[in-house]
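Results of the structural survey
Below, each chain spelled out in residue letters.
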Amino acid sequence: RVASRMKVFNASLHSRLKVVVGAESDATEQACRSAAERLGLALSLTPVDVASGVNAQPFGDREIFEGALWRAQQASLSAPKCPQAVFLGVESGLV
């Protein structure tokens, strides 16, 4: 059962993965592309400028996580025409 699911998953990796990332910085875009390349994924990346909903300099894991989650949610709202897309939120901060 797991093997059959893996076959379907592996077959889907050969098509372009649609990713909408809630951040428009060059560093974030490059990080997403680099991660996809390391995983062997072909992706169509669309960065969108959304607010993080947290302090300009997030502090602590909780605030960083909340900022990333908020960015992902806002990215999904800003791209409603992408029902098959994956929405990412990327946030950095101090721990």
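Residues numbered from 1 in each chain as written. Predicted model: local features only at pLDDT ≥ 70, side-chain atom pairs only at ≥ 80, totals over all residues. Heavy atoms only, no water.

Another aspect to go through is the overall build of the chain. Along its length, the chain carries three helices and three strands. The secondary structure elements of the chain, listed N-terminal to C-terminal, are α-β-α-β-α-β. The buried share of the chain, taken over its 95 residues, is 26%. By sequence separation, contacts in the chain at least 24 residues apart represent 65% of the contacts at least 6 residues apart. (Helix = DSSP H or I, 4+ residues; strand = E, 2+ residues; numbered from the N terminus. Buried < 20%, exposed > 50% of the residue type's maximum accessible area, 1.4 Å probe, protein only. Contact = heavy atoms within 4.5 Å.)

This part covers the pairing of strand β2 (residues 43-47). The side chains of a regular strand alternate between the sheet's two faces. Pairing of strand β1 (residues 17-21) with β2, which is carried by five bridges, proceeds in the parallel orientation. From the neighbouring strand, Val21 faces β2, where its bridge partner is Pro47. Handedness of the crossover joining β1 and β2 through helix α2 (residues 26-39) is recorded here as right-handed. (Pairing = 2+ DSSP bridges. Right-handed = clockwise from strand over helix to strand, strands pointing away.)

Attention now moves to the pairing of β1. Two elements, β1 and strand β3 (residues 86-88), share three bridges in a ladder whose sense is parallel. Across the sheet, residue Val21 finds its bridge partner in β3, namely Leu88.

Before going further, it helps to examine the environment of Val48. Along the chain, Val48 turns up in the loop between β2 and α3 (61-78). With a relative accessible area of 15%, Val48 lands in the buried category. Residues Val48 and Ser76, 28 residues apart in the sequence, show an inter-C-alpha distance of 9.7 Å. When sequence neighbours within four positions are dropped, the list of residues in contact with Val48 reads Val20, Val21, Gly22, Ala23, Glu24, Ala75 and Ser78.

Now for α3. Think of an α-helix as 3.6 residues a turn; residues three or four steps apart then line up on the same face. For α3, which comprises 18 residues, the first-to-last C-alpha distance of 26 Å matches the rise-based estimate of 26 Å (1.5 Å per residue) to within 8%. Burial in α3 covers these residues: Glu63, Ile64, Gly67, Ala68, Arg71, Ala72 and Ala75. (Expected span 1.5 Å × (residues − 1).)

For α2, which comprises 14 residues, the first-to-last C-alpha distance of 20 Å matches the rise-based estimate of 20 Å (1.5 Å per residue) to within 8%. For α2, the full list of buried residues reads Thr28, Cys32 and Ala36. Relative to the axis of α2, the buried residues are bounded by an arc of 70° and lie together on one face. Opposite the buried face of α2, at more than 90 degrees from it, the exposed residues are Asp26, Ala27, Gln30, Glu37 and Arg38. On its buried side, α2 packs onto β1, β2 and β3. Within two residues after α2, Gly40 carries a phi angle of roughly 75°, on the positive side. (Arc of directions from axis to C-beta.)

Function cannot be read off these values alone, since they describe shape.
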